[in-house]
Amino acid sequence: MTTTSHSTAVVEQVNDTVHRIELPLPFDDLHIVNAYAILGDTGATLVDPGWSSPESEQTLLRALDSLGVGRGDVRRTLVTHAHPDHFTLAVAWQRDHGIPIHLGAHEAPSVLAFDPRCTRFPRQAELLERAGAPALAAVIRELPLEDYEAAMAFAAPHVWLADREAIDCDGEILVAVATPGHTRGHVVFHQNSTGAFFTGDHVLPRITPSIGLELVPEELPLGHYLGSLELLLTMDDGPMLSAHGPVTSSVHDRVRELLAHHQDRFATITELRASGLTTAYEIARAMTWTRHERALADLNHVHQMTAVVEVLAHLDFLDSGQ
Ligand SMILES: [Zn+2]
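Residues numbered from 1 in each chain as written. Predicted model: local features only at pLDDT ≥ 70, side-chain atom pairs only at ≥ 80, totals over all residues.

Novice: Can you help me understand the overall build of the protein in this one?
Specialist: For the protein, the helix and strand inventory stands at ten helices and 15 strands. Relative to its length of 322 residues, the protein is compact, with a C-alpha radius of gyration of 20 Å against a globular reference of 20 Å. Referenced to the eigenvectors of the C-alpha coordinate spread, the extents of the protein come out at roughly 65 × 45 × 35 Å. When burial is assessed residue by residue, the protein has 42% of its 322 residues classed as buried. A separation of at least 24 residues holds for 64% of the contacts in the protein among residues at least 6 apart in sequence. (Helix = DSSP H or I, 4+ residues; strand = E, 2+ residues; numbered from the N terminus. Rg over C-alpha atoms; globule rule 2.2 N^0.38 Å. Buried ≥ 20, exposed ≤ 12 C-beta atoms within 10 Å, placed from the backbone. Contact = placed C-beta atoms within 7 Å.)

Novice: Just to check I follow, could you spell out the sheet that holds strand β9 (residues 166-169) for this structure?
Specialist: Strand pairs in the sheet, formed through backbone hydrogen bonds, run parallel or antiparallel to each other. Strand order in the open sheet formed by five strands is β9-β10-β11-β12-β13, and the pairing between neighbours is mixed. The open sheet has two free edges, formed respectively by β9 and β13 (240-242), since each of these has just one partner strand. Sheet twist, expressed as the mean angle between neighbouring strand axes with direction ignored, is 25°. Where strand β11 (residues 187-191) and strand β12 (residues 197-200) come together, two bridges link them in antiparallel fashion. Note on β12: the bridge partner recorded for Phe-189 is Phe-198. (Pairing = 2+ DSSP bridges. Axes fitted to C-alpha atoms, helices over the stretch in contact; angles between N-to-C directions.)

Novice: Just checking my understanding: could you explain the environment of Val-309 for this structure?
Specialist: Checked against the element boundaries, Val-309 lands in helix α10 (residues 301-320). Linking Val-309 and Arg-130, residues 179 residues apart in sequence, is a C-alpha distance of 9.7 Å. Ignoring any residue separated from it by four or fewer positions in sequence, one finds Val-309 in contact with Gln-124 and Leu-127.

Novice: Help me understand the nonpolar core, please; the structure alone is not making it clear to me.
Specialist: A general tendency of soluble globular proteins is for nonpolar side chains to be buried together. Ranked by size, the top nonpolar core spans 79 residues in total, and within it Ala-35, Ala-37, Leu-128, Ala-280, Val-308, Val-311 and Leu-312 carry the most contacts. In terms of residue count, the dominant contributor to this core is α10 (nine residues). Residues within four places of Ala-35 in sequence aside, it is in contact with Ile-21, Leu-23, Leu-46, Val-47, Asp-48, Pro-49, Gly-50 and Leu-60. (Core = buried A, V, L, I, M, F, W, Y, C linked by C-beta atoms within 7 Å.)

So far we have only geometry, and geometry alone does not tell us how the molecule works.
The following block contains the structure:
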C-alpha cells in the first residue's frame, strides 16, 4: 500500500482498482470520513463520497485529480446509508452533475421523511420517554437541525438497491449486501474480484456503531444489527474498507469483537436489571460509556441519548425473546 498526501487530500491505494480518500467532516468528535474510488476500465465509481461542503468537495476533486480522474469520469456513486457524512455530496452531484446514486432500498422511509423544518431527533425523543428519561427527552425533542443539516438537500437516489443486487462498475462487480441495524437500509458492498468489504458504518475498526439513529427507526434494530454481523461471518473473510479509520485485513476479526462487546453489554444489563433497576435510563446511569469509561452524566445530551437508546435496544431485544 502506498499513502500520499496531496496538500490536504490523503489518498491510499488499497488494491489494484480501489483507493481510499480521506475527506473532512464538520463534527467535533469525528473528523474524517473515508470515500473510496474504484477505477474501472471506462470510468470511476465512488463509495460514500462524503459531506456536501466546499471544503470536502475540493478535497475530493484534488484527490481524484491525483488519480487522473475528473468529475466527468465518475459514472455513479454507491452509498452505504443515508447519514449525511456518507450521502450528501452524492446528493449534490446527482442533482448538479447527473451522477446517479445507488442506495439501499430500505433507507427510503428515513430519506423520504426528511424535512428541513423538522427537529433533529423526533423519534428518539419518544424512545427516551419510554426509557424513563423524560427530562433528557424534553431537551432532545427541542434540538433544532444544525445549520449544516438543514441546508442538506436529501433526495431519492437514482437506484434503490435490492439485497444482493450486483452493480457493474465498469468491469468491477460490486454486490450490495443488506446489513440493517446501524440504519434500516444500510448495505455493505462486496467486491467480487478481491473479496473486499466496503463496510460503511456497519463494521468500524475503532468505534461501536450506533443502532437505529435515523429519522424513522425500525422496531428491534439491535436484533437486525446482530443478524447483520453474523451474516458477514457466513461469507468468506476479506479486507475491511470502512467509512472511518484504517483499512484492515480481516472483517471477521472485527465482527467477532463487536459481537463479544454486545454479549458483554447483555450480561451487564441483565445483572443490573436483576439488582432492581428497571428503566433503560436507570441502567445506563449505572454503566460507563466510551472507551474512557465515563459516567452518563458526563456525556453531552446527544451522546447521553445514544447511550440510553442503546440500553433500551438491548432491553427490547431481551424482552423479545429472540
Ligand atoms: Zn452512519
